[in-house]
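# Architecture and fold: a report
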Amino acid sequence: MKKASFQTIVEDLKISIRFALRNVISYVLAIIGVFLVTIILIGIVAAFIFIPIVISPGGLQAFTIWAESLESWFTTGGITIATGIFLIALPFVAPFFVASGALFGMSREIVESEGTSAEGVFTWYRKKFFSLAGGGIMLFLFILGPVMIVILAAVTLFGEQILNVAFIGVGSSNIMNPLISVLGIVWFVLSTGLMTMLFPAIIDGYSVVEATKKSIQMGIKYFDRVFGTWLSYILLIVVLASPLFIMAIPFFTTQILALVPLGIYAVIMSLLLAFVVLPALSIGLTRVYMILTADDDDLIPMNSEDEVGPSFIGGL
C-alpha cells in the first residue's frame, strides 16, 4: 500500500473523487461558508493595514505620493515593487490557506468514517486557525521564497536588466524565456509536491515546523506515492482546463460563435474544480498521508481478494 503503481494511483484518484461526490453538498456549503469568512478576514487585515495610514496625520498625503511613485518603480525599480508585493501579500494569503487547510479536517473525517458535515469545517477552522495560517505562510515562503532569493541575487550581481533578459527575452537572448518557464514549472511541481503532506500533518496534531519537516521527509521517502498522487491531480486539472484553450482558438477568429460554449464550459469547469476536484484533492492527500503514517499492523486485508487497505478507511 505504501509503494506506488499506476493501478494504485488510479485507485487513489477514483476513491477520492467518489467520496467527494458522496459529500458534495457538505463541501459546497462548507466552501461557500469559509469563502465568506475568508473575505471578511481579508477585509479586517486590510483595515488594520490601510486605515491607520489614512487617518494618521499626513498619512493620506504620503499614501498618495507613494501611489503616484509606483509608475517610476515599475520602470526603474521593478525588483523593489516585486519584493514589496511579496511581503505585503503574506498577511492576505494566510486566510485562504486557513480555509484550504480546514477542508483537510473535513477530509480526515471522511477518510476515517466516510462522512462529514458542513459545520465540521468551521470546527477545524477555529481549532487549527493559527496552525493552518502558519502552515500557509510556510508553504508560501517555501515555494516563492527561493524564487525571490534567486531574483534578488541575480539583480545584485547583474543589475535589473537581467530581468529583461531572463523573463522578457529580448534580442538573441529570447531562448532564456522558455528555459525560465520550464525551470519555474519544475520548481513549482517539486516544491508543492514536497509540501503536500503539510496540512494533513497539521490536522494530525503536528506543529507548523514539525509538519513541514514531516511533509518533506515523506515526500523524499515515499517520493513515488506522494508525487504520483500529486501529479495525478495536476494532470486532472490540466485535462479539465485544456478545452478552454482549445475553444479559445476559434474565439479569436469567429468571436461571438465561440464565446457561448467557452463561457458555459468555463462555468462548469470552475464548479467542478471548486466543489469536486478541490475536495477530492484534500481527501486523496489525507488518505495517502494516513496510509503512509500507519504501522504495518494497521493494514488488514479487505473483502476483495485483490485489494488491501488501511483498516481506518471505512467502506473502501
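Here's a quick rundown of the structure. Being a predicted model, the structure only gives us computed values, none of them experimental.

### With respect to the overall build of the protein
Counting its secondary structure elements, the protein contains 13 helices and 2 strands. Across the protein, contacts joining residues at least 24 apart in sequence account for 73% of those joining residues at least 6 apart. By element, 74% of the accessible surface of the protein is carried by carbon and sulfur atoms, the whole surface being about 17,300 Å².

### A look at the packing of aromatic side chains
Counted according to the given criterion, the structure contains 5 aromatic pairs. Between phenylalanine 104 and phenylalanine 199, the ring centres sit 5.7 Å apart and the planes meet at 40°, which makes this aromatic pair tilted. One end of the pair, phenylalanine 104, is in helix α5 (residues 78-113); the other, phenylalanine 199, is in helix α10 (residues 198-203), with 95 residues separating them in the sequence. Here phenylalanine 104 matches phenylalanine 199 in class, with each residue buried. Ring centres of phenylalanine 129 and phenylalanine 130 lie 5.2 Å apart, and the angle between their planes is 85°; on these two criteria the pair is classed as edge-to-face. By relative accessible area, which is 71% here, phenylalanine 130 ends up exposed. The rings of Tyr125, Phe129 and Phe130 are connected pair by pair, giving a single aromatic cluster. The lysine or arginine in question, arginine 22, covers the ring of phenylalanine 19, its NZ or CZ lying 5.0 Å from the ring centre.

### Side note on a nonpolar patch on the surface
Together, Ile32, Phe35, Leu36, Ile39 and Phe96 make up a nonpolar patch on the protein surface, roughly 480 Å² of accessible area in all. The biggest single contributor to the nonpolar patch is helix α2 (residues 24-55), with 4 residues. Among the secondary structure elements, phenylalanine 96 is positioned in helix α5. For phenylalanine 96, a relative accessible area of 41% gives the class partly exposed.

### With respect to the nonpolar core
Membership of the largest hydrophobic core comes to 54 residues, with the highest contact counts inside it found for Val121, Leu132, Leu139, Phe199 and Ile283. The greatest single-element share of this core, amounting to 13 residues, is contributed by α5. When sequence neighbours within four positions are dropped, the list of residues in contact with valine 121 reads Ala30, Val34, Ala102, Leu103 and Met106. Leu240, Leu262, Met269 and Val277 belong to the second-largest nonpolar core, a separate cluster that totals 6 residues.

### So, helix α11 (residues 208-221)
An ideal rise of 1.5 Å per residue puts 20 Å on 14 residues; α11 measures up with 20 Å between its terminal C-alpha atoms. Among the residues of α11, those classed as buried are Val208, Ala211, Thr212, Ser215, Met218 and Gly219. End-on view of α11: buried residues confined to an arc of 135°, all on one side of the axis. Structural note: α11 exposes Val209, Gln217, Ile220 and Lys221 on the side pointing more than 90 degrees away from its buried face.

### Focus: helix α7 (residues 129-158)
Its 30 residues place the ends of α7 42 Å apart at the C-alpha level, agreeing with the 44 Å of an ideal helix rising 1.5 Å per residue. At leucine 144, α7 shows its maximal bend, which comes to roughly 40°, and the proline proline 146 appears one to four places after that position. Listed in full, the buried residues belonging to α7 are Leu132, Ala133, Gly135, Gly136, Leu139, Phe140, Ile143, Gly145, Met148, Ile151, Ala154 and Val155.

### Quick notes on the environment of threonine 229
Relative to the elements of secondary structure, threonine 229 occurs in helix α12 (residues 223-254). For threonine 229, a relative accessible area of 1% gives the class buried. Sequence separation between threonine 229 and aspartate 12 is 217 residues, and the spatial gap between their C-alpha atoms is 7.3 Å. Excluding anything up to four places from it in sequence, threonine 229 contacts Ile9, Asp12, Leu285 and Val288.

### Some thoughts on the packing of α7 against α11
For the pair α7 and α11, the least separation of the axes is 9 Å and the interaxial angle reads 50°. Put simply, α7 runs oblique to α11. The interaxial crossing formed by α7 with α11 has right-handed handedness. In contact with Ser131, Gly134, Gly135, Met138 and Phe142 of α7, α11 contributes Val208, Thr212 and Ile216.

Rules behind the numbers
Residues numbered from 1 in each chain as written. Predicted model: local features only at pLDDT ≥ 70, side-chain atom pairs only at ≥ 80, totals over all residues. Heavy atoms only, no water. Helix = DSSP H or I, 4+ residues; strand = E, 2+ residues; numbered from the N terminus. Contact = heavy atoms within 4.5 Å. Areas by Shrake-Rupley, 256 points an atom, 1.4 Å probe, with all protein chains shown as cover. Phe/Tyr/Trp six-rings, centres within 6.5 Å; stacked < 30°, edge-to-face > 60°. Buried < 20%, exposed > 50% of the residue type's maximum accessible area, 1.4 Å probe, protein only. Lys NZ or Arg CZ within 6 Å of the ring centre and 35° of its normal. Patch = residues over 30% accessible without salt bridge, like charges linked within 9 Å, V, L, I, M, F, W, Y side chains within 5 Å. Salt bridge = Lys/Arg side-chain N within 4 Å of Asp/Glu carboxyl O. Core = buried A, V, L, I, M, F, W, Y, C linked by side-chain atoms within 4.5 Å. Expected span 1.5 Å × (residues − 1). Arc of directions from axis to C-beta. Bend = angle between axes of the 7 residues up to and from the residue. Axes fitted to C-alpha atoms, helices over the stretch in contact; angles between N-to-C directions. Parallel < 35°, antiparallel > 145°, perpendicular 65-115°, else oblique. Left-handed = near helix turned anticlockwise from the far one by under 90°.

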